[in-house]
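Observations on the three-dimensional arrangement
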Amino acid sequence: MAKGSSFKRRLCIVLNILLGFLGVGLLLVGIVMSTFKTEPLISGYYWQDGTHSVIFSIGFGLATILLSILGVYGAYQEHVLALFLYNIFMSLEFIALLALTVISILLEPQVEKKIDESFRNMTSLYYTDEVFHRELSKLQQEAECCGLLYYGEWSNQIPSSCDCPQNYSDKEARCTKVSELNKKAGTEPTTFRYVHKMNCSLILMRHVKKALRILYGTVFTLATIMLAAVIVVLFLGQKIKTHSSHTGISHNRMKYELQQHKMT
């Protein structure tokens, strides 16, 4: 007969397998992020190699994988010490994960403010580096926007990705008319074009908030599974110790009865 509850043992194994897969996912994300040294930020600035995000992802990924292995081993072998260590370290990881997430949520308004300030510090988009120029032009074409705050940030070098299509519906409301200078003739405007009125900062902030919501959802899912695993392991360990103590008492009683039988 198994020492502990068969249902609790299987549930503990399943939960830790799920945690292991999530840990592998975090680890892979961290490894992929570490390969990009200069990811363009949504303004002309750069993330500083995404160091903090990489450390967070790889660190929690490795810790989750190792603890899930320990949890599966402890549940399968019904090893009380392994389950005890698992509960301690998984509880610490759970607390650290929630603390960092809460701090990130509280700092979110400040992050948005810094991003907005970085938008306003941009003097001319035309002189930004090639990578940023290419990524912003791609966004302008897909999202039908122009410039971070307004099309004038491109100075007199507005890219074609800002152009409104010829057959654009409601062009007067969604586009603005700008003039182009004839470089040969001088400064007299010779041609006109329509570019998108909407700036790209709103689209970019929407993407940032969406990414943060996905991240928070993933973290809270991981934390929920962690908490469930800790509770199940706690009950499983208690069941094993209780059953072991009853087994020991029964064994001693049987031994005592055999000794009394021999004496008679």
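What counts, and where the lines are drawn
Residues numbered from 1 in each chain as written. Predicted model: local features only at pLDDT ≥ 70, side-chain atom pairs only at ≥ 80, totals over all residues. Heavy atoms only, no water. Helix = DSSP H or I, 4+ residues; strand = E, 2+ residues; numbered from the N terminus. Buried < 20%, exposed > 50% of the residue type's maximum accessible area, 1.4 Å probe, protein only. Contact = heavy atoms within 4.5 Å. Areas by Shrake-Rupley, 256 points an atom, 1.4 Å probe, with all protein chains shown as cover. UniProt positions renumbered as here; feature names shortened; annotations may be inferred. Disulfide = S-S within 2.5 Å. pLDDT = per-residue confidence, 0-100. Patch = residues over 30% accessible without salt bridge, like charges linked within 9 Å, V, L, I, M, F, W, Y side chains within 5 Å. Salt bridge = Lys/Arg side-chain N within 4 Å of Asp/Glu carboxyl O. Polar contact = N/O pair within 3.5 Å; in protein donor to acceptor, adjacent residues only side chain to side chain. Phe/Tyr/Trp six-rings, centres within 6.5 Å; stacked < 30°, edge-to-face > 60°. Core = buried A, V, L, I, M, F, W, Y, C linked by side-chain atoms within 4.5 Å.

So, on to the overall build of the chain. Helix and strand content of the chain: six helices and two strands. Relative to its 264 residues, the chain shows a buried fraction of 34%. Long-range contacts, defined here as pairs at least 24 residues apart, represent 70% of the contacts in the chain between residues at least 6 apart. As displayed, the chain offers around 17100 Å² of accessible surface, 64% of which is attributable to carbon and sulfur atoms.

Another aspect to go through is the UniProt feature "transmembrane region" (unreviewed entry) in the chain. Look at the UniProt record and you will see "transmembrane region" (unreviewed entry) annotated at residues 12-34, 54-76, 83-107 and 214-236. Between the end C-alpha atoms of residues 83-107 there is a gap of 36 Å, over a span that is 100% helix and 0% strand. Taken end to end, residues 214-236 is 100% helix and 0% strand, and its two terminal C-alpha atoms sit 33 Å from one another.

Turning our eyes to something else, we now look at the state of the cysteines. Counted according to the given criterion, the structure contains three disulfides. The disulfide partner of Cys145 is Cys200, and the S-S distance across this bridge is 2.1 Å. Residues Cys145 and Cys200 are joined through a disulfide that is right-handed, its torsion about the S-S bond being 95°. Taken together, the residues span a long stretch of sequence, with Cys145 in the loop between α4 (130-143) and α5 (171-174) and Cys200 in the loop between β2 (189-196) and α6 (201-263) at a distance of 55 residues.

Averaged over every residue, the pLDDT of the chain is 76; the share at 70 or more is 74%. Below a pLDDT of 50 lies the segment residues 37-50, which in the model reaches 29 contacts outside its immediate sequence neighbourhood of four places, other chains included. Low pLDDT (under 50) marks residues 248-252, which in the prediction has zero contacts with non-local residues, meaning those over four places away or in another chain.

Attention now goes to a nonpolar patch on the surface. A grouping of Leu81, Phe84, Leu85, Ile88, Phe89 and Leu92 is seen on the molecular surface, where their side chains present a nonpolar patch of about 570 Å² in accessible area. Locating Phe84 in the fold gives a position in helix α3 (residues 80-120).

Mapping Thr101 onto the fold places it in helix α3. By relative accessible area, which is 5% here, Thr101 ends up buried. A polar contact is formed between the side chain of Thr101 and the backbone oxygen of Leu97, at a distance of 2.7 Å. The contacts of Thr101, once residues within four sequence positions are left out, are Tyr216, Val219 and Phe220.

One pass over the structure, following the stated rule, counts one aromatic pair. Considering the side-chain rings of Tyr150 and Tyr151, the 6.3 Å spacing of their centres and the 70° angle between planes classify their relative orientation as edge-to-face. Note on Tyr150: relative accessible area 48%, which makes it partly exposed. Look at Tyr151 and you get partly exposed, because its relative accessible area is 28%.

This paragraph deals with the nonpolar core. Counting 24 residues, the largest nonpolar core has Leu19, Tyr86, Met90, Leu97 and Met226 as the members making the most contacts within it. Of all the secondary-structure elements, those providing two or more residues to this core are α1 (6-34), α2 (51-77), α3 and α6. When neighbours within four sequence positions are excluded, Leu19 is seen to be in contact with Thr64, Ser68, Tyr86, Met90, Leu222, Ile225, Met226 and Ala229. Trp154, Cys162, Ile203 and Leu204 belong to the second largest nonpolar core, which has 15 residues in total.

Even without glycine at this site, Glu78 takes up a positive phi of about 55°. Considering the arrangement of structural elements, one finds Glu78 in the loop between α2 and α3.

This part is about the pattern of salt bridges. Applying the stated rule across the entire model yields three salt bridges. Taking the shortest distance from any N to any O, the salt bridge between Arg9 and Glu78 comes out at 2.8 Å. Of this pair, Arg9 sits in helix α1 while Glu78 is found in the loop between α2 and α3, placing the two residues 69 residues apart along the sequence. By relative accessible area, which is 9% here, Glu78 ends up buried. Where Arg174 meets Glu144, a salt bridge forms, and the shortest distance between an N and an O atom there is 3.4 Å. Placement of the pair is Arg174 in helix α5 and Glu144 in the loop between α4 and α5, with a sequence separation of 30 residues. The class of Glu144 is partly exposed, set by a relative accessible area of 31%.

This part covers the environment of Ala63. Within the secondary structure, Ala63 sits in helix α2. In this structure Ala63 comes out as partly exposed when scored by relative accessible area, which is 28%. For Ala63 and Met90, which are 27 residues apart along the polypeptide, the C-alpha to C-alpha distance reads 8.8 Å.

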